[in-house]
Amino acid sequence: MPMPRVTEILLAPPESELAPESGEAEITVRFEDGGSSVFAAATPDRAAQWIEKGKKGWHFGNPVLFVIRLDRPSVEAAVAAMASDMGGYWLRYYNSPKKKPAKPSAKGPKVASAQVTEAYPPRKPDHGCAASQVIITDGREFSLLTTTPSWFQKTFAEMALAFYYGPSFLFVRRLDQALIRKSVKAMAEEGDRLLCLYDTPRRTLPEVLAQFKSRHTGAPSAG
């Protein structure tokens, strides 16, 4: 598929109103053919605030572009990479314009089990990442990349990533079996869209981040 030609990138609120070190914004990317992609961008520290705000111990939702600095150069570099990667696949994956929440037409799938596997570092539930293996009652299986906000923020900085886009993460306060099961059940209550969106089988978060960095070695780094 040909690479989409980007003609304009808008930030809301505008860059003059943003704090580059910590914040979030809505990004609108417009293309030459008249189409667009709308999604959120945020600095890595925001995940902890989302969990605190939600008061449930977890956070999930539409894909978020993470940038080390929430400023135009960082966002433009990320969008350029997204446009050139796999014919612009990630710009289509991330597109999630705000809509009025629709009432579910039917009950979401029922979760039969949710198991935590491949936890890293071992025995550090308050600061780590894992895969959440989910089976729903119709037999389908999903694998969700799961992380605490602290591990993600620290690893993002240690790897000197300028930005990250790719498979979405389920953020949880701690890698607790009961908490993750509750978060997955909450996700399933919204239907199977998010389960399908988050599904990243046979992958771990350290592997995903390492492969992302290797593909974007020439991108601007932190600092």
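Described in the following lines is the structure provided in the data block.

1. With respect to the sheet that holds strand β8 (residues 141-147)
One open sheet holds the five strands; their spatial order is β4-β10-β8-β7-β6, and the pairing between them is mixed. The sheet is open, and its two borders are formed by β4 (58-59) and β6 (111-120), each paired with just one other strand. Sheet analysis places β8 next to strand β10 (residues 170-172), joined by two bridges and oriented parallel. Paired with Thr-147 across the bridge in β10 is Phe-171. Relative to β6, helix α5 (residues 177-188) is tilted by about 130°, and along the sheet it contacts β4, β6, β7 (129-136), β8 and β10. Across the sheet, helix α7 (residues 205-215) touches β6, β7 and β8, and the angle it forms with β8 is around 75°.

2. Focus: the sheet that holds strand β3 (residues 36-42)
The five strands are arranged β1-β2-β3-β5-β9 in an open sheet whose pairing can be described as mixed. On the outer flanks of this sheet lie β1 (6-12) and β9 (163-164), each paired with one strand and no other. Across the sheet, helix α2 (residues 72-84) is in contact with β1, β2 (24-31), β3, β5 (64-67) and β9; its angle to β1 comes to roughly 135°.

3. Focus: unusual backbone geometry
The omega torsion of the bond from Ala-12 to Pro-13 falls at 0°, within 30 degrees of zero and hence cis. With respect to the element layout, Pro-13 can be found in the loop between β1 and β2. That bond from Tyr-120 to Pro-121 is cis: its omega, -10°, falls within 30 degrees of zero. Here Pro-121 shows up in the loop between β6 and β7. Of note in this structure, Ala-160 is not a glycine but carries a positive phi near 55°. Checked against the element boundaries, Ala-160 lands in the loop between α4 (149-158) and β9. For Ala-160, a relative accessible area of 32% gives the class partly exposed.

4. Quick notes on the packing of aromatic side chains
In total, this model carries 18 aromatic pairs according to the counting rule given. Taking the centre distance of 4.9 Å and the plane angle of 65° together, the rings of Phe-66 and Phe-152 count as edge-to-face. Of this pair, Phe-66 sits in strand β5 while Phe-152 sits in helix α4, placing them 86 residues apart in sequence. Accessibility classification places Phe-66 together with Phe-152 in one group, the buried group. Measuring from centroid to centroid gives 5.1 Å for Tyr-164 and Phe-169, while their planes differ by 25°, and the two rings are stacked. Owing to a relative accessible area of 4%, Phe-169 belongs among the buried residues under this scheme.

5. Points about α5
Over its twelve residues, α5 runs 16 Å from end to end, which matches the ideal 16 Å to within 8%, given 1.5 Å per residue. Among the residues making up α5, those that are buried are Leu-179, Ile-180, Ser-183, Val-184, Ala-186, Met-187 and Ala-188. Among the structural elements, β4, β6, β7, β8, β10 and α6 (193-198) are those in contact with the buried residues of α5. Near the N-terminus of α5, the side chain that reaches the backbone nitrogen of Ala-178, with its oxygen 3.1 Å away, is that of Asp-176.

6. Thoughts on the pattern of salt bridges
Considering all chains together, one arrives at twelve salt bridges under this definition. The salt bridge involving Arg-69 is made with Asp-71; its shortest N-O contact spans 3.1 Å. You can call Asp-71 buried: its relative accessible area is 10%. Linked through salt bridges whose partners overlap, the residues forming this network are Glu-21, Arg-69 and Asp-71.

7. Here's the deal with the pairing of β3
With five of seven residues buried, β3 is to be regarded as a mostly interior element. Alignment of β2 against β3, held across seven bridges, turns out to be antiparallel. Bridge pairing links Ile-27 to Phe-39 in β3. As consecutive antiparallel partners, β2 and β3 are separated by four residues, and within that stretch Gly-34 has a phi angle of approximately 95°, a positive value. Pairing between β3 and β5: three bridges, direction parallel. Considered in β5, the bridge of Ala-40 is made with Val-64.

What counts, and at which threshold
Residues numbered from 1 in each chain as written. Predicted model: local features only at pLDDT ≥ 70, side-chain atom pairs only at ≥ 80, totals over all residues. Heavy atoms only, no water. Pairing = 2+ DSSP bridges. Helix = DSSP H or I, 4+ residues; strand = E, 2+ residues; numbered from the N terminus. Contact = heavy atoms within 4.5 Å. Axes fitted to C-alpha atoms, helices over the stretch in contact; angles between N-to-C directions. Buried < 20%, exposed > 50% of the residue type's maximum accessible area, 1.4 Å probe, protein only. Phe/Tyr/Trp six-rings, centres within 6.5 Å; stacked < 30°, edge-to-face > 60°. Expected span 1.5 Å × (residues − 1). Polar contact = N/O pair within 3.5 Å; in protein donor to acceptor, adjacent residues only side chain to side chain. Salt bridge = Lys/Arg side-chain N within 4 Å of Asp/Glu carboxyl O.

Spatial relationships are all this shows, so hold off on functional conclusions.
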